[in-house]
Amino acid sequence: RATDVRLNPALHLACRGDIPRFCEGMEPGDARIINCLAMHKERKGMSAECSREVERFQEVHVANFRMDPRIARLCRRDIARSCDPPDTLFDFGFFEFERTGLNASKDGLTLQCLKLKQNDLRSEGCRREVYRLVRTTVNSMRLSAPLR
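Residues numbered from 1 in each chain as written. Predicted model: local features only at pLDDT ≥ 70, side-chain atom pairs only at ≥ 80, totals over all residues. Heavy atoms only, no water.

A. Highlighting the pattern of salt bridges. Counted according to the given criterion, the structure contains twelve salt bridges. Arginine 70 serves as the salt-bridge partner of glutamate 129, at 3.2 Å between the closest nitrogen and oxygen. Of the two residues, glutamate 129 is situated in helix α9 (residues 124–137) and arginine 70 in helix α5 (residues 69–74); the sequence distance between them amounts to 59 residues. There is no split in this pair, since glutamate 129 and arginine 70 are both buried. With its nearest N and O atoms 3.6 Å apart, the salt bridge here joins arginine 81 to aspartate 78. (Salt bridge = Lys/Arg side-chain N within 4 Å of Asp/Glu carboxyl O. Helix = DSSP H or I, 4+ residues; strand = E, 2+ residues; numbered from the N terminus. Buried < 20%, exposed > 50% of the residue type's maximum accessible area, 1.4 Å probe, protein only.)

What follows is the structure, given as structure tokens:
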């Protein structure tokens, strides 16, 4: 699904009144408006329709880091350095996920790895985007890919 809100008809329609209110003056493209809406989805004044559609959009994108153009671009080196070895074991606190044989992008493990290692990421841009991701998904169990 498109990361430019103008190319995502369902999201654009649901949030047409919220975009000027919460993301005024923001340039479309590179997921800027979608990220803005995600940051504000629980704020007073955000329409329920827009909040639901933002959540739907996030559900699709949280399972694959490549669908978030900013994370894919800014975290490429950190992913290769910290989250790519196939024998890496991820401890999510409640059980362990062995990545061997799993498709990390499909299962959302790469994003979970970035979240777990966000303080150790070398790229400032990547750390900033991972923080944004954590901040906009922390309140929803459905947006925690390993729990699916």
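B. Quick look at helix α3 (residues 32–40). Buried residues dominate α3, accounting for seven of its nine residues. At its buried positions, α3 is contacted by α1 (9–14), α2 (18–22), α4 (48–62), α5 and α9. (Contact = heavy atoms within 4.5 Å.)

C. Here's a closer look at the environment of alanine 72. Here alanine 72 is to be found in helix α5. What makes alanine 72 partly exposed here is its relative accessible area of 23%. For the pair alanine 72 and cysteine 126, spaced 54 residues apart in sequence, the C-alpha to C-alpha distance is 9.0 Å. Look past the residues within four positions of alanine 72 in its chain and what remains in contact with it is Phe65 and Arg66.

D. Structural view of the state of the cysteines. This model, assessed by the stated rule, comprises four disulfides. Between the sulfur of cysteine 15 and that of cysteine 50 lies a disulfide, 2.0 Å long from S to S. Disulfide cysteine 15 to cysteine 50: torsion about the S-S bond roughly 100°, handedness right-handed. Pair noted here: cysteine 15 is in the loop between α1 and α2 and cysteine 50 is in helix α4, with a separation of 35 residues, a long-range link. The pair formed by cysteine 15 and cysteine 50 is uniform in burial state, with each residue classed as buried. Between the sulfur of cysteine 23 and that of cysteine 36 lies a disulfide, 2.1 Å long from S to S. On the S-S bond that ties cysteine 23 to cysteine 36, the torsion sits near -100°, and the link is left-handed. Of this pair, cysteine 23 sits in the loop between α2 and α3 while cysteine 36 sits in helix α3, and the two are 13 residues apart along the sequence. Note on accessibility: cysteine 23 and cysteine 36 belong to one class, buried. For the protein chain, the disulfide bridges join cysteines in the arrangement 1-4, 2-3, 5-8, 6-7, where the cysteines are counted in sequence order. (Disulfide = S-S within 2.5 Å.)

E. View of the side chain of arginine 132. The residue arginine 132 is located in helix α9 in this model. Residue classification places arginine 132 among the buried residues on the basis of a relative accessible area of 11%. Setting aside anything within four residues of it in sequence, one finds arginine 132 in contact with Asn35, Met39, Asp68 and Ile71.

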